[in-house]
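# A structural walkthrough
Below, each chain spelled out in residue letters.
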Amino acid sequence: MLTTDTAKRTIARPQVVAHEIERPSRGWVSWVTTTDHKKIGILYLFTTFVFFVLGGVEALLLRIQLGAPDNTFLEPDKYNQLFTLHGTTMVFLFVIPVFAGFANYLIPLMIGARDMAFPRLNAWSYWMLLFGGIVLYASLFFTPPEAGWTSYPPLSGKDYVPGGGMDAWIIALHIIGLSSMLGGVNFIATIQNMRAPGLGWGRLPLFGWSILIYSYLIVIVSPALAAALAMLLIDRHYGGTFFDPTQGGSALLWQHAFWFYSHPAVYIMALPAFGVVSEVLPVFARKPIFGYKAIAASTAAIGFLGLLVWAHHMFSTPMSTVVLAFFMLSSFLIAVPTGVKIFNWIATLWQGAIEYKTPLLFSAGLIGVFLIGGISGIFLAVFPVNWQLTDTYFVVAHLHYVLFGGSVFGIFAALYYWFPKMSGRMLNERMGRLSFWLIMIGFNLTFLVQHSAGLSGMPRRVYEYSASAGWTAYNQISTVGSFVLAIGIGVTLLNVVRSLKKGAVAGPDPWKGNTLEWFTQSPPPENNFDAIPRVRSVEPMKDIRREVEKETGVLQQQRAGHPLVKV
Amino acid sequence: MSPLTPARRLLRLAGLAALGAVAGSLLASGVASADLLTPESGGSPNADRIDTLYKLILYIAIVVFIGVEGALIWSLVRFRARKGRVAAQIHGNTRLEIGWTVGAAVLLVFITAVTFVQLGKIKNPEASDPGGLAGARPVYASTDQPPPPGGRALNIRVNGQQYIWRYQYPGADVFAYEEMVVPEDTTVTLDITADDVAHSWWIPELGGKFDALPGYVNKTWFKASEPGLYEGQCAELCGRNHANMLARVRVVPVARYQTWFDRQQADIAAARKAGAEGRRALEQEGGASSTEGGTSSAPGSDQ
């Protein structure tokens, strides 16, 4: 159109209009130089899963040490370094960025876009994450950080932890924080501006909603962490006294700034997993999601309220009753939209025709175990009760029910659900089911008894305990469970490696999905879509299948009890 | 559903056996320790009231847990795909959704109300019992913790240091490390602080934990009516030996407390005197031979 207009207006004269076509780069160069959201997504996923394995190995070492009273498997300094690395890795290098990986791959596909809004910024975000991770792990070669993933001063100050590992931790978190902030900006710009025609806010897939809120939370709270980290660095090396009470500073300042970031970080980690569940359940129950608006609104409500509850991590610090009461009530308020989600999910299963595939198992598993984390959260929100429970293994159990039960189950559901789209091949169902049950049993073995260990007085972050304390049985069950859990995770990793080559070919839409990513080939071509359909509901693929059925007379809808895909 | 193959049956059996083993070992450990499901208590009224509050939430939680997990599992089993089943195409139900939103909120309002009814008795120190320490001094209202009615309490300053607790008794040069000796039936108020890094004071049977932070004074109290030894340990990561920063409270009859207090006072005075003499002797010696300029801290010095 444009060329003919131009041709009409300008005097014709011979000219060379051909450009050199960029040769598509291949091999590792194509990965290192890519700005394609799908390749970046896969880089994210690969990197974060490597860190997941590292963090998991650290957890197993911790569990071996605690497997017997007065154990001498690990020295106290090694133990402290390992739990610091474990926490930091799982939060900053696995759960938060793994969702950036899934979102990178899926958000443009789900909203019918060609790529992310800022492809180069996107590549930059990924490489910053990798370098941040390398900075953290480089500290293994000198002294790893050992003040816990929360790194409270004064302990994290130069006087008590002089090693360079603490500085590596600070710098690494700065870099990773920048990476996730830039990623957040990119997701917001993409979701706000690049949705397919007809894809209004009321038709945005729920995973899209969760990534939107995830991104807003990251952009709002990460600066608080960055500020706290900068203050800690200044205190350590440039004569600052932000956290030094003898010079008019306050050790509590760090706790407030840190939790102002790290509590919303819990929702940064959990909301996208909830988004995954909200995508998976309707597909496998063959039913529309129950209460789309309520689920989208509860995501936003959790995000907003999540900004107002940080001090419930600090109930045992000196605080006036008014402040205690405020943070208890704000924490209670969050339970309401969270409960709404759970009820809506169960109502989605209700009267469905549920196909027992691995993504469904992990999603249903998430509801079942996350509920326990939610309920133990109510106990912890009641501050007089919190005085007994905080800083004990009850909290360790609670946070793992939320972050493993809530987030990691969702990550596995997402992996099984979208792997066919990303690779063009199905993951093996038998291995998937085996993996699910091992993870389910191993997870509950590991963490359920930790509630009891905490209730009978076992504090967190202790490298040893005496046999007379009465915690031995709990810890032994926990250690055995952690190995079952590790085997379960290993089965899935094996499944991924095996299925990349040997998995059944998936085709564009193996699950009969609802959202636009299933409209294109698996894996999608570089331009994602040749034509972008007009979106008329929250389940555009259902509309498209119905239309094809009408035009061709060939049955497109899935029938209950018939296999979705042969695996 | 196809009949179970032997392999599957075996798998199922193994699963059941594993579940049984877990339940068994849990029960066994439950016998070993009474605190399978509830926090420790029994030493002090505030710990008991926290336990009561906890139990109330626990009962509500059990009902919610069974209800929600039941609905989930029932839906998963009842509505699994079978040939010919058609999923009901329901998009939502506003009344139902408002219903469970309000339902969840009502439960939380109830817990809130009970918490605030209980709060005063947990947070505010009680009066000492008539048999308590007669000489306990009045304490004056702090920012947030009122003095006990009648004003009599034993006020001890708790100071966390890597990796030991120091207790400063009021009114005299009396202090102790690690083990705090207190009289029975007497309200003991604690002013908790730290010298170096953050610690957390916690004796589970005597109530909740309170962080010891340099630059801040945190407050709590307890009143033990049963003589005995109550054990706890630092609950906030304070460094490599955090696991061995132990705390003990020994509750003794009032008369024995007085004896202990007097002896401790005499011992400390004697140690200080000996220390001062030793220092003087060293200083004189050091003055004579100026090549050895070592400083030595006196034994019994309080830091």
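What counts, and where the lines are drawn
Residues numbered from 1 in each chain as written. Chains lettered and ligands numbered in written order. Predicted model: local features only at pLDDT ≥ 70, side-chain atom pairs only at ≥ 80, totals over all residues. Helix = DSSP H or I, 4+ residues; strand = E, 2+ residues; numbered from the N terminus. Buried ≥ 20, exposed ≤ 12 C-beta atoms within 10 Å, placed from the backbone. Contact = placed C-beta atoms within 7 Å. Rg over C-alpha atoms; globule rule 2.2 N^0.38 Å. Domains from an automatic or database assignment. Nonpolar A, V, L, I, M, F, W, Y, C, P; charged D, E, K, R; others polar. Axes fitted to C-alpha atoms, helices over the stretch in contact; angles between N-to-C directions. Parallel < 35°, antiparallel > 145°, perpendicular 65-115°, else oblique. Left-handed = near helix turned anticlockwise from the far one by under 90°. Pairing = 2+ DSSP bridges.

### Here's the deal with the overall build of chain B
A tally of helices and strands in chain B yields four helices and 11 strands. For chain B, with 303 residues in total, the buried portion stands at 32%. Considering only contacts within chain B whose residues lie at least 6 apart along the sequence, 63% involve residues at least 24 apart.

### Side note on the overall build of chain A
Helix and strand counts for chain A come out as 16 helices and zero strands. Against the 2.2 N^0.38 benchmark of 24 Å for 567 residues, chain A shows a C-alpha radius of gyration of 25 Å, consistent with a compact globule. Each principal axis of the C-alpha atoms in chain A carries an extent, and together these give about 85 × 60 × 45 Å. Out of the 567 residues in chain A, the part that is buried amounts to 61%. When contacts within chain A are restricted to residue pairs at least 6 apart in sequence, those whose partners lie at least 24 apart make up 82%.

### Some details on the domain arrangement of chain B
Residues and elements named next belong to chain B. On domain assignment, one finds that chain B holds domain 1 (37-80 + 94-123) and domain 2 (137-263). Here the C-alpha centroids of domain 1 and domain 2 sit 32 Å apart. With 11 residues of domain 1 in contact, the opposing surface of domain 2 contributes 10 residues. With four residues, helix 2 (residues 45-78) is the largest single contributor of residues to the side of domain 1 that touches domain 2. The residue inventory of the side of domain 1 that touches domain 2, partitioned by class, reads four nonpolar, five polar and two charged.

### Quick look at the packing of helix 7 (residues 206-237) of chain A against helix 8 (residues 251-285) of chain A
All names here are of chain A. Across the interface, helix 7 lies against helix 8 with an axial gap of 8 Å and an inter-helix angle of 160°. Of the possible angle classes, the one that applies to helix 7 and helix 8 is roughly antiparallel. The hand of the helix 7/helix 8 crossing is left-handed. The residue makeup of the contact of helix 7 with helix 8, split by class, is 26 nonpolar, four polar and one charged.

### Here we look at the interface of chain B and chain A
For an interface, size is often stated in terms of accessible area lost upon the parts coming together. Chain B puts 82 residues into the contact, and the matching count from chain A is 75 residues. Among the secondary structure elements, those contributing two or more residues to the side of chain B that touches chain A are helix 1 (6-32), helix 2, helix 3 (94-123), strand 8 (210-212) and strand 10 (228-233) of chain B. In terms of residue class, the side of chain B that touches chain A is built from 44 nonpolar, 23 polar and 15 charged.

### Thoughts on the sheet that holds strand 10 of chain B
Residue and element names in this part refer to chain B. Taken in spatial order, the three strands make up an open sheet running 5-11-10, and their pairing is mixed. Whereas interior strands pair on both sides, the edge strands pair on one side only; in this sheet they are strand 5 (179-183) and strand 10. On average, each strand axis in the sheet is tilted by 20° relative to the strand beside it, whichever way the strands run. Relative to strand 11 (residues 246-252), strand 10 runs antiparallel, the two sharing six bridges. Paired with Q233 across the strands is L246, a residue of strand 11.

### Some thoughts on the environment of S25(A)
Residue and element names in this part refer to chain A. Counting through the fold element by element, S25 comes out in the loop between helix 1 (2-9) and helix 2 (27-32). Each C-alpha atom of the pair S25 and L500 lies 22 Å from the other, and the pair is 475 residues apart in sequence. Those residues in contact with S25, other than ones at most four positions away along the chain, are S30 and T33.

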